[in-house]
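# Architecture at a glance
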Amino acid sequence: MDKKVLNKMLRPKSVAVVGASATPGKIGYSVISNLLKDGYKGKIYPINPKESEILGVKCYAELKDVPGEIDSAVMCVPAKAMVEMTEECGKKGVKGLIVITSGFSEIGRKDLEDEIVNIAKRYGMRILGPNIVGSLSNSDKFNGSFCPSLPLPGKASLVSQSGALLIALAMATWTRKVGFDKLISIGNMADVDFADLIEWFNDDEDTSCVSLYIEGLKNGRRFIDAAKNSKKPIIALKSGVSAHGAAAAASHTGSLAGAAKVYGSAFKQACVIQASDLDNLFDRTLGLSSQPPMKGDNLLVLTNGGGVGVLATDAAERYGIPLKFAPEDVQAEMKKHMPEFGSAKNPVDMTGMAGNEWYYETVKYAISNKWTDGLVILYCETSITNPHEIAESIKRAIDDSGVKNKPVTVSFVGGDRSNEAIAWLNEHGIPAFFAPDVAVNVIAALREYAILQEQKNNIHVKPNEKAMKKSMEIIEAARKDGRTALTEIEAKAIFEAYGMPTTKIALAKTEEEAIAAAKKIGYPIVMKIVSPDILHKSDAGGVKVNIKDEAAAREAFNTIMKNAKAYKADANIHGIAVQEMAPWGTEVILGSINDPTFGPTLMFGLGGIFVEVLKDVTFRVSPVSSVEAMDMINEIKGAKILAGARGEAPRDRKALANAIVNYSSMILDLKDEIAESDANPFLVYAEGEGLKVADARIILKKK
Ligand code: COA
């Protein structure tokens, strides 16, 4: 039902322009003029109390005067008239409002925005915007916006949170030769958001790929779900990636979780391909809208020039699809279409002598060969070849091969003739660019898309009822105490409940209790102060390690107590934690934040300087699958250390992946309670020997 409403809004058969104007230069004039100029075939109903017709179209004083049904209304009246006009639209039975009008939440008038959304809801209407340029659809010749013209027709569609950028990009489609079918300005997202549109595009047969310009998401989880289930590739350019809220964060994880990192991880989980800038958004959109995903790693590069071949080789490594030598039989076949001094390895260098036929034969063979998963075709303009003819040979070879399930990208380096050939190739559905780097970057996006689809996490984790119950008892007791910081003992008990082994620990209120606990745990031991008022225990002289016998334990107990009182005379001291001195292991950190956009989000990295100085950490939004957990382990720069660098035995990565999955369940189950947490250090032992949380911290949400 909802999709039908969006259909009427975005592909209307009839449209009212509320606040249509006969005065050139006004937005209400521009919308009418655009609808007419760009050939909209549906019914147009200008609404203006003072005019009888605008640009030859009969004008109505009020919506209720319109004789027919109205699918969509483009709102061009000032904000102060919007409440009344939304009500009128509802009464008339309009389905969707495209609200160009500014003056809502973007200037602090969220109340006004809520009011129009509530009216719309009452009538079953949807609202696009407010504060937008409008909505455009090439296949409906619908320019319901103040964008000067429809974009160059194509198979991609764009949703932009910035209206001005949408207009600019619409114009750029013509010069960049990247075609779009729909351009949708989403503005304040008071109602319709990215997720709604991603879902709607699933059934839009005119859209093969969805490009997004995102400033910020309102509901990150809904976005992930919609994007993950999208039938079409999604590519996103995210702006505003500076750290958010980092300064105020109480935990390590909080201070490391910049927007860029969390968004980057969430996009991965959502199978969304990222663009690095506007150029890259256009380039990758061109590739993703016209080419199939690259199903394997075997990328073959064909060239008539060594230099561009090397540039492509470097780029392939940079973008994560390093070139491999083609098998002997493939090389032998390639050799047939090059001089003696050519190279059939990879890149396949046909040399500067390569003409139309060599390109034709080599491309046709290369794409048909079962070893090849994707093809990058390079060409340097020479005086013995004609770029246009080379382009035609490439297209003919692909067509004649009949292969449709392998992606191809092209780079033509040269002057005007090459540029003309690039445009021709693009018009004929083969993404072509100037620089080899770009051709490789685009095919890398097609490879990434295939990988993300394969790794897609469709896990639905059930809450761990038993662990939740135990954790809630601990949390409620702490809250009763008026605390939001759990003690290490409490935090470790929660980690244990969620299947993460922790070092043995016991609370001792007196010296004798400490000695008894030490005996039970076994020397050597560690002793730490337990006080909600002393979070940085070492700074307070509240930690003693490697305590080997009873005499040392007695001395440590008394010293720690003395230090703690000296550090903070009125500190509420629960006692001293007597703890097993864990054997040496590789230190890693697992941590969590409750991200404002994505909710419970997990961080993983190597401990010590790796996290402190190098910030070598990675994030995932919870829940995390075991495949994703392994991915996290493998994607940090220090992955080799866990794999067993410099003769060390490999670490127990299976147990670590398991701990990541368990950690992710813990923060999801307790999302209403835990604000931030970390297990730092988490000691990982050799393969088969597991791991242990040596120190733990959980900070509760303030209620
Ligand atoms: N019913 C019908 N018509 C109405 C009306 C109503 N309730 N209230 C006003 N109008 C008419 C006006 O009479 C006027 O027509 P006219 O030219 O014949 O007098 C027309 O609607 C527009 O109203 P006006 O007061 O002239 O406003 P405007 O055209 O200067 O500005 C907006 C209206 C919506 C464009 C402006 O308020 C606005 O929000 N601009 C920002 C748009 C924007 O930048 N969006 C984001 C892009 S990223």
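Preceding this paragraph is the structure being described.
Read on for a plain summary of the structure. Residue numbering note: each chain is counted from 1, following its sequence as written. Residue-level local features of this predicted model are given only where pLDDT is at least 70; pairs of side-chain atoms are given and counted only at 80 or more, and the full residue set underlies all totals for whole chains, interfaces and linings. Excluded from the side-chain calculation are hydrogens and water; included are all heavy atoms of the structure.

### Quick notes on the overall build of the protein chain
Runs of E in the DSSP output that reach at least two residues are strands. Runs of H or I that reach at least four are helices, and both are numbered from the N terminus. Scanning the protein chain from terminus to terminus reveals 24 helices and 29 strands. Overall, the C-alpha framework of the protein chain stretches about 95 × 80 × 35 Å when taken along its three principal axes. The cut-offs for exposure are 20% and 50% of the maximum accessible area for each residue type, with area from a 1.4 Å probe on protein chains only; residues under the lower value are buried, those over the upper are exposed, and the others partly exposed. Residue burial in the protein chain is summarised as follows: out of 703 residues, 57% are buried. Accessible surface, the protein chain: about 28800 Å² in total, of which carbon and sulfur atoms supply 53%. Charge counting treats Lys and Arg as positive and Asp and Glu as negative, with His and both chain ends excluded. Lysine's charge is taken at NZ, arginine's at CZ, aspartate's at CG and glutamate's at CD. Distance from the positive charge centre (85 side chains) to the negative charge centre (87 side chains) of the protein chain: 3 Å. The accessible surface values rely on the Shrake-Rupley method and a 1.4 Å probe; as for residues, cover is taken only from the protein chains in view.

### Observations regarding the pairing of strand 18 (residues 408-413)
The buried fraction of strand 18 amounts to five of the six residues, a majority that puts the element mostly inside the structure. With the strands pointing away from the viewer, any crossover whose connection runs clockwise from the first strand over the helix to the second is right-handed. Note on the crossover from strand 17 (residues 374-380) through helix 14 (residues 387-401) to strand 18: the handedness is right-handed. Read from strand 18 through helix 15 (residues 416-427) to strand 19 (residues 432-433), the crossover connection turns out right-handed.

### Concerning empty space enclosed by the protein
Space left empty within the atom packing is revealed by a probe, the size of a water molecule, rolled over the atoms. Here a cavity denotes grid points, spaced 1 Å and computed from the protein atoms alone, that fit a 1.4 Å probe unable to get out, and a pocket denotes an open set having protein on both sides within 12 Å along at least 5 of 7 lines; residues with an atom within 4 Å of a point are the lining. Grid points are joined across faces, edges and corners, and a volume is the space filled by probe spheres set on the points. Using the criterion set out here, one finds three cavities of 30 Å³ or more in the structure. In this structure, the largest cavity spans a volume of roughly 50 Å³. Lining of the largest cavity is provided by M189, D193, F194, A195, L217, K218, N219 and F223. Under the grouping applied here, Gly and all other residues not named as nonpolar or charged are polar, the nonpolar ones being Ala, Val, Leu, Ile, Met, Phe, Trp, Tyr, Cys and Pro and the charged ones Asp, Glu, Lys and Arg. For the lining of the largest cavity, the class distribution of residues is five nonpolar, one polar and two charged.

### Observations regarding the sheet that holds strand 22 (residues 543-547)
For two strands to count as paired, DSSP must find a minimum of two bridges between them. Here four strands make up an open sheet; going across it, the order is 20-23-21-22 and the pairing antiparallel. In this open sheet, the two edge strands, each paired with only one partner strand, are strand 20 (505-508) and strand 22. On average, adjacent strands in this sheet sit at an angle of 20° to one another, irrespective of strand direction. Where strand 21 (residues 525-530) and strand 23 (residues 575-580) come together, six bridges link them in antiparallel fashion. In the sheet register, I525 faces strand 23, and the bridge partner there is E580. Contacting strand 20, strand 21 and strand 23, helix 18 (residues 488-497) crosses the sheet at an angle of about 150° to strand 20. Note on contacts: a residue pair qualifies if any of its non-hydrogen atoms lie within 4.5 Å across the two residues. Each axis is a line fitted through C-alpha atoms, and for a helix only the stretch in contact is used; angles between axes span 0 to 180 degrees, taken between their N-to-C directions. Helix-sheet contacts for helix 20 (residues 550-567) involve strand 20, strand 21, strand 22 and strand 23, and the interaxial angle to strand 21 is about 25°.

### Things to note about the site of the ligand
By convention in this text, a residue qualifies as near a molecule or strand provided that one of its non-hydrogen atoms is within 4 Å of it. The ligand sits among 22 residues. The nearest are S21, K26, N48, K50 and S102. For this analysis, a polar contact is any N or O atom pair within 3.5 Å, provided that within protein one partner can donate a hydrogen and the other can accept it, and provided that sequence-adjacent residues contribute only side-chain to side-chain pairs. Residue N48 places a side-chain N or O atom 2.9 Å away from an oxygen atom belonging to the ligand. I100 has a polar backbone atom sitting 3.0 Å from a nitrogen atom of the ligand. In isolation the ligand exposes 950 Å². Once the protein is present, 72% of that is buried. Classifying every residue of the shell around the ligand by side-chain character gives 12 nonpolar, eight polar and two charged.

### Things to note about unusual backbone geometry
Backbone torsion omega between N346 and P347 reads 10°, so that peptide bond is classified as cis. Counting through the fold element by element, P347 comes out in the loop between helix 12 (328-335) and strand 16 (348-349). Put simply, S622 and P623 share a cis peptide bond, and its omega is 5°. One can find P623 in the loop between strand 26 (617-621) and helix 22 (626-635). In this model, M189 sits at a positive phi of 50°, which is unusual for a non-glycine residue. When you line up the elements, M189 lands in the loop between strand 11 (180-185) and helix 6 (194-201).

### Structural notes on the packing of aromatic side chains
For this analysis, a ring pair means two rings from Phe, Tyr or Trp (six-membered ring only for Trp) whose centres lie within 6.5 Å, classed as stacked if their planes differ by under 30 degrees, edge-to-face if by over 60, and tilted for the remaining angles. Under the defined criterion, the tally for this structure stands at 10 aromatic pairs. Their ring planes at 70° and their centres at 5.8 Å tell us that Y45 and Y60 sit as a pair that is edge-to-face. Here Y45, found in strand 2 (residues 43-47), pairs with Y60, found in the loop between strand 4 (57-58) and strand 5 (72-75); they are 15 residues apart in sequence, far enough to count as distant. Across this residue pair, the class does not change: Y45 and Y60 are buried. Among the aromatic residues, those joined into a ring-pair cluster are F223, Y263, F267 and F598. The rule for a charge over a ring is simple: NZ of Lys or CZ of Arg within 6 Å of the ring centre, and within 35 degrees of the ring normal. Taking the ring centre of Y263 as reference, the NZ or CZ of K238 above it sits at 4.5 Å. The cationic tip of R318 hangs over the ring face of Y319; the distance from NZ or CZ to the ring centre is 5.4 Å.

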